[in-house]
Amino acid sequence: MYTALTIAGSDSSGGAGIQADMKTMTANGVYAMSAVAALTAQNTTGVQDIMVVTPEFLVEELDSIFTDIFPDAVKTGMIPNAGLIEAASASLKKYGARHIVVDPVMVATSGSRLIDGDAIGTLKEKLLPLAEVVTPNIPEAEILSGRTITGSKDMESAAKAIFDACGCAVLCKGGHSVNDANDVLFDGKELHWFGAERISNPNTHGTGCTLSSAIASHLAKGADTAEAVRCAKQYLTAALSAMLDLGHGSGPLNHLFEIQERCEFAR
């Protein structure tokens, strides 16, 4: 069975972070593993508190995983400080981890900041050069590229700038009202646009985690980057279209919509 690892923060409400990653990986046909970089007291209305693990403990988690069940792909999400980013990067390099997808998580859907300001430079210097693809949304792409993004051409130029700086493919996501739900991938040679219908669903908690984990799942199974992105976007669209409505804020997706449909049919 193909395997995938998520290195990220836990979401106690289950909609984003480690929990969303593992649901997504399972739904996309790979065995999911996790290394927790932080615990969050979190729900659909926001992040109430964060407890960060030590770099030493994160290294122990990664040693345990890589020396026993070597992952076919790795996804990173919320890694909240420079020390943890350095520890994760060193371990990934040490073990020759492959098919690394970096979701440069900086701010939660609710607006809560999830990474120290001084960690962004470490992310660009240590982790992004190891990645096969990085998946920033518009605000994250602006920070990583140092450019303002107001339209499709800006997305393309930002993706190219991040590639030039970090050497990894870049999927710049257009979901923040720039160009509907269309994303652009720059792989160092070509620009690939992926169109998608914007789903009228206010419950978008964990969409970035879900997309990056789905990409990692398909890379683990042997897809190339463009094909992995295409399949991941199809899955995300379907999970949003299931219209799950939980909580008092921006609620989670229905990651296991196909299983739910089978269970309801069985009744």
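Nothing here was measured: the structure is a model prediction, and the numbers come from that model.

1. Comments concerning empty space enclosed by the protein
- Summed over the entire model, instances satisfying the criterion amount to one cavity of 30 Å³ or more.
- Here the largest cavity is characterised by a volume of approximately 50 Å³.
- In this structure, the largest cavity is lined by Thr76, Gly77, Ile79, Ile85, Val102, Asp103, Pro104, Val105, Ile115, Leu123 and Leu127.
- Among the residues making up the lining of the largest cavity, the classes are represented as eight nonpolar, two polar and one charged.

2. What about the sheet that holds strand S5 (residues 100-102)?
- The sheet built from nine strands is open, its strands ordered S3-S2-S1-S4-S5-S6-S7-S8-S9 with mixed pairing. At either margin of the open sheet sits one strand with a lone partner, and together these are strand S3 (46-52) and strand S9 (191-194).
- The sheet contact formed by strand S6 (residues 133-134) and strand S7 (residues 169-173) spans two bridges and is parallel. Note that in S7 the partner of Val134 across the bridge is Val170.
- Most of the contacts of helix H6 (residues 152-166) go to S7, to which it runs at about 150°, and overall it touches S6, S7, strand S8 (183-186) and S9.

3. Some remarks on the packing of helix H3 (residues 82-94) against helix H4 (residues 119-127)
- Closest axis-to-axis distance for the H3/H4 pair is 9 Å, and the angle between their directions is 10°. Viewed along their axes, H3 and H4 adopt a mutual orientation that is roughly parallel. Residues Ala82, Ile85, Glu86, Ser89 and Leu92 of H3 lie in contact with H4, whose contacting residues are Ala119, Thr122, Leu123, Lys126 and Leu127.
- Of the residues contributing to the contact of H3 with H4, the split by class is six nonpolar, two polar and two charged.

4. A short note on the environment of Met1
- Residue placement: Met1 occurs in the segment before strand S1 (3-11).
- Taking C-alpha positions, Met1 is 8.5 Å from Gly29, a pair spaced 28 residues apart along the chain.
- Ignoring anything within four residues of it in the chain, the contact list for Met1 reads Gly29, Val30, Tyr31 and Asp72.

Basis of the calculations
Residues numbered from 1 in each chain as written. Predicted model: local features only at pLDDT ≥ 70, side-chain atom pairs only at ≥ 80, totals over all residues. Heavy atoms only, no water. 1 Å grid on protein atoms, 1.4 Å probe; cavity = no way out; pocket = protein on both sides within 12 Å on 5 of 7 lines; lining within 4 Å. Points joined across faces, edges and corners; volume = space filled by probe spheres on them. Nonpolar A, V, L, I, M, F, W, Y, C, P; charged D, E, K, R; others polar. Pairing = 2+ DSSP bridges. Helix = DSSP H or I, 4+ residues; strand = E, 2+ residues; numbered from the N terminus. Contact = heavy atoms within 4.5 Å. Axes fitted to C-alpha atoms, helices over the stretch in contact; angles between N-to-C directions. Parallel < 35°, antiparallel > 145°, perpendicular 65-115°, else oblique.

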